[in-house]
Amino acid sequence: MAAAAVDRYAYTVPVSREWTVEHDALRAHVIRSTTADLVHVLDPSAQIPYIPQHNLPTPPQTSPVLAPLDLRSHPALERVSDTPVHEMIQAIVADKDEDEAAFFAADLSAVYEAVQMWRASALGERVEIFYAIKCNPSPVVLHFLSLLGLSFDCASASEVNQVLSLPAKPDPRRIIFANPCKAPSHIRQAAQGGVDMMTFDNADELYKVKRTHPTAKLVLRILTDDSKSLCRLGLKYGAPLSTCPGLLATAKQLGLNVVGVSFHVGSGCKDPAQFSDAFWRAKKVFNMAKEAGYDFSLLDIGGGFERETFAQMSEVVRDALDVYFPAASGVRVIAEPGRFLVSSAFTLATSIIARRRAHMPDEPVAGPSTPMSLDDSPADAEGEGEGADVMYYINDGVYGAFNCIMFDHQIVHPYPL
Ligand SMILES: Cc1ncc(COP(=O)(O)O)c(C=O)c1O
């Protein structure tokens, strides 16, 4: 397909319905501009191997079930100027008058590039993407990814419904309900929507599925080494190898259809050896399944990928696949990347709403002084002399958009406009 340049778009509804409920005042502005601009805003010193691309080519049509790709015809997208993200943020802020509410700016071309990076990598030929929508359920991101022919990893009934109601009407076979501990009502709703693929890692879940969706295609989520990852998901999910024969025997007794294995090496995986270890374990469970009377056909390698290390990780994964699950085995391989696809596309704009001098923990508490004027430095106004540290207060925090600091161990970098 010819790569025609398409225009820039702005998306000026809240970034996610769920976030809007939680953050009443949060407004999102999704804009698309050049990747170089976005990288500059996010991290001027970034060494990320972005593809230098100034016009976003028309995305290739990858799935025959999709409608023709004309993003302009979608009502959620409207044309805007070719403005870098930081300038767009400045313009939005200037326009907002007295409204200092925080908002997100996003660059869909960064999402597009991540998909292209995956497809051009050692994994591209073999591993299908099921985007983990919990990482960013923004309707425009989901819409965009569905147009690119991606499938989806959902963790709840509401996520399943969100995907099924996208304008591209994705086939329910393009969803995996990848939560090993589901509420019965969520399984029923998924079944009603035609979603069959779902994970489990414990015997109770098998009995639950037997009651609520007995024809489901079950995927056994196994525990793997995630000790070198930023977010260790194994603390919550994953069956140790020693429990797998028992789980498979129970599934067989219940007449359930177990089709494969899934794992997740932890988000922000820093050690490629964790992937090699996970493939070795998965292969063991494929063999256990044979003994239990199953013939597995699916391997789900989860997420954990980061842009910075993707080239190396994808080669390790490709090599492990060649060793344990070569293409000739006929095993279908899927992955559930989340952060890899979206994290570099979103920039949060917040306002500084207050400032004051920072008091050191061992310092005596000083008495009140003259009120601070905007022309004073906080240190001057509080009578503490030069060199004092200043604390700036912004209007979002760890209970809001910065929860990644608590849960994902992220370090955030502020860039004053
Ligand atoms: C089951 C599952 N799949 C995929 C993901 C996405 O992982 P990542 O963002 O590391 O790619 C997560 C976690 O966020 C998850 O829990």
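Before reading on, note that the structure itself is shown above.
All figures in this text were calculated on a predicted structure; none of them were measured in a lab. Within every chain, residues take consecutive numbers counted from 1 along the sequence as written. Residue-level local features of this predicted model are given only where pLDDT is at least 70; pairs of side-chain atoms are given and counted only at 80 or more, and the full residue set underlies all totals for whole chains, interfaces and linings.

A look at the sheet that holds strand β5 (residues 127–132)
Part 1 of the argument: Spatial strand order, β5-β6-β7-β8-β9-β11-β13-β14: eight strands in a closed barrel with parallel pairing. Direction aside, neighbouring strands of the sheet carry axes that sit 30° apart on average.
Part 2 of the argument: When β5 meets strand β6 (residues 151–154), the two strands line up parallel, connected through three bridges. Bridge pairing in β6 links A132 to D153. For two strands to count as paired, DSSP must find a minimum of two bridges between them. Helix and strand assignments follow DSSP, with helices taken as H or I runs no shorter than four residues and strands as E runs no shorter than two, numbered in order from the N terminus. Axes, fitted as lines to C-alpha atoms, cover a helix only where it is in contact. Angles between the N-to-C directions of the axes lie from 0 to 180 degrees.

Details of helix α5 (residues 139–147)
Part 1 of the argument: Exposure classification rests on a simple neighbour count of other C-beta atoms within 10 Å of a residue's own: a residue reaching 20 or more is buried, one at 12 or fewer is exposed, and one in between is partly exposed. C-beta atoms are placed from the backbone. By the criterion of burial, α5 is predominantly enclosed, with eight of the nine residues buried.
Part 2 of the argument: When α5 is considered as a whole, its buried residues turn out to be P139, V140, V141, L142, F144, L145, S146 and L147.
Part 3 of the argument: Of the residues flanking the end of α5, it is G149, one or two places downstream, whose phi is positive at about 85°.

Topic: the packing of helix α10 (residues 272–291) against helix α11 (residues 310–324)
Part 1 of the argument: Where α10 meets α11, the closest approach of the two axes is 9 Å, and the angle between their N-to-C directions is 20°. One element, α10, and the other, α11, form an angle in the roughly parallel class. The two elements α10 and α11 meet at a crossing, and its hand is right-handed. Contacts from P272, F275, S276, F279, W280 and K283 of α10 reach α11 at Q312, M313, V316, V317, A320 and Y324.
Part 2 of the argument: When residues are grouped by polarity, Ala, Val, Leu, Ile, Met, Phe, Trp, Tyr, Cys and Pro land in nonpolar, Asp, Glu, Lys and Arg in charged, and all others, Gly among them, in polar. Grouping the amino acids of the contact of α10 with α11 by side-chain chemistry returns nine nonpolar, two polar and one charged. For classification purposes, angles smaller than 35 degrees are called roughly parallel, those larger than 145 roughly antiparallel, those between 65 and 115 roughly perpendicular, and all remaining angles oblique. Crossings are assigned a handedness: left-handed for a near helix turned anticlockwise from the far helix by less than a right angle, right-handed for a clockwise turn. Once C-beta atoms are placed from the backbone, any two residues with those atoms within 7 Å are in contact.

Looking at the nonpolar core
Part 1 of the argument: Formed by 97 residues in total, the largest nonpolar core has its most connected members in V111, F177, L218, L220 and V261.
Part 2 of the argument: Just so you know, the domain bounds were taken from an automatic or database domain assignment. Here this core spans two domains, and each of domain 1 (9–108 + 344–349) and domain 2 (113–341) adds at least three residues to it. By our criterion, buried Ala, Val, Leu, Ile, Met, Phe, Trp, Tyr and Cys residues that link up through C-beta atoms within 7 Å make up a nonpolar core.

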